[in-house]
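# Architecture at a glance
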Amino acid sequence: MANVQFDLVSPERRLASVEASEVQIPGADGDMTAMQGHAPTITTLRPGVLRVIHGSGTDEYVVSGGFAEITAGGVSVLAESALPRDEVTQDVFNQMVADAKAAHENAKEVFKNEPGPVDDAAKLLSDMVAVGGHIGLTAQN
């Protein structure tokens, strides 16, 4: 099976650069799997688990947002925040949820008569809580 070049970077660091057979992306408009021959695409990311399948196995990363670009040359992900799955402890997850809750509360204060930004912040919070369910963690109050 043919591979694609996969690169994942966040503001803090480069997390991956590997030849992958497929990349499962949590797109804002739905999950997608990128493989060789995929149509060129740019999508925004929602909070979720990004999976990279390669010759040595599968790597998982928790992303909170950003962009993915799929080209003939490969898949590049520029994440707002990303961590390898095994680095997302309960404490780290609790902080991620707390940050999403704070953003939602801030949006409710700042955008009192604009439901769009408040709804977006609520969706971000909901998606972040769902990530915990996918990786076996529960949001703490």
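Predicted model, so just to flag it, every value in this text is computed and none were measured.

Each value, and the rule that gives it
Here the residue numbers are simple positions, counted from 1 along each chain's written sequence. Local features in a predicted model are, by the rule used here, given only for residues with pLDDT of at least 70; side-chain atom pairs are given and counted only at 80 or more, and totals for whole chains, interfaces and linings are based on all residues. Hydrogen atoms and water are omitted, and side-chain values are computed over all heavy atoms in the structure. When DSSP finds two or more bridges between two strands, those strands count as paired. Helix and strand assignments come from DSSP, with helices taken as H or I runs of at least 4 residues and strands as E runs of at least 2, each series counted from the N terminus. In this document the domain limits rely on a domain assignment from an automatic tool or a database. Every residue pair with non-hydrogen atoms within 4.5 Å of one another is taken to be in contact. Here the quantity called buried area is the total loss of accessible area, with a 1.4 Å probe, experienced by two parts when brought into contact, counted for both. By salt bridge we mean one thing: a side-chain nitrogen of Lys or Arg within 4 Å of a carboxyl oxygen of Asp or Glu. The definition of a polar contact used here is a pair of N or O atoms within 3.5 Å, where within protein one atom must be able to donate a hydrogen and the other to accept one, and adjacent residues in sequence count solely through side-chain atom pairs. Each residue gets one of three labels from its accessible area relative to the maximum for its type: buried under 20%, exposed over 50%, partly exposed in between, using a 1.4 Å probe on protein chains only. To form a nonpolar core, buried Ala, Val, Leu, Ile, Met, Phe, Trp, Tyr and Cys residues must be joined to one another through side-chain atoms within 4.5 Å.

On to the pairing of strand β6 (residues 57-63). Put simply, side chains in a regular strand alternate between the two faces of the sheet. The pairing of strand β5 (residues 48-54) with β6 spans seven bridges and is antiparallel. Its bridge partner being in β6, arginine 51 is matched across the sheet by glutamate 60. Counting the residues between successive antiparallel strands, the hairpin from β5 to β6 contains two residues. One ladder, built from three bridges, connects β6 with strand β9 (residues 82-84); its direction is antiparallel. Paired with tyrosine 61 across the bridge in β9 is proline 84.

Here the protein is described as being made up of domain 1 (4-85) and domain 2 (88-135). With centres defined by C-alpha atoms, the gap from domain 1 to domain 2 works out at 22 Å. Listed by partner, the interface residues are nine residues for domain 1 and nine residues for domain 2. When domain 1 packs against domain 2, close to 830 Å² is buried across both sides, 73% of that on carbon and sulfur atoms. Summed over the three residues of domain 1 that lose the most area to domain 2, namely Pro47, Val62 and Arg85, the buried surface amounts to 56% of that side. Counting across the domain 1 and domain 2 interface gives zero salt bridges. At the junction of domain 1 and domain 2, the tally comes to two residue pairs in polar contact (both at pLDDT 80 or more). Those elements that provide at least two residues to the side of domain 1 that touches domain 2 are β5 and β9.

Attention shifts here to the pattern of salt bridges. A full pass over the atoms with the stated rule returns seven salt bridges. Arginine 46 is the salt-bridge partner of aspartate 31, the closest N and O atoms lying 2.3 Å from each other. Here aspartate 31 is found in strand β3 (residues 30-34), whereas its partner arginine 46 is found in the loop between β4 (41-45) and β5, with 15 residues between them in sequence. For arginine 46, a relative accessible area of 22% puts it in the partly exposed group. In this structure, lysine 108 and glutamate 105 form a salt bridge, with 3.0 Å as the shortest nitrogen-oxygen distance. On the criterion of helical spacing, the pair formed by lysine 108 and glutamate 105 is a turn pair, its members being three residues apart in helix α1 (residues 90-110).

Before going further, it helps to examine the nonpolar core. Counting 20 residues, the largest nonpolar core has Phe6, Leu8, Val23, Ile25, Leu50, Val75 and Val77 as its most contacted members. Listed by contribution, the elements that provide at least two residues to this core are β1 (4-9), β2 (14-27), β5, β6, β7 (66-71) and β8 (74-79). If you tally residues by element for this core, the top one is β2, at five residues. If sequence neighbours within four positions are ignored, valine 75 has contacts with Val4, Gln5, Phe6, Asp7, Val23, Ile25, Ala34, Glu69 and Ile70. One finds Val97, Val131, Ile135 and Leu137 within the second-largest nonpolar core, a separate group that totals 12 residues.

Here the focus is the environment of glutamine 95. Checked against the element boundaries, glutamine 95 lands in helix α1. Distance from glutamine 95 to arginine 85, taken between C-alpha atoms, is 15 Å for residues 10 residues apart in sequence.

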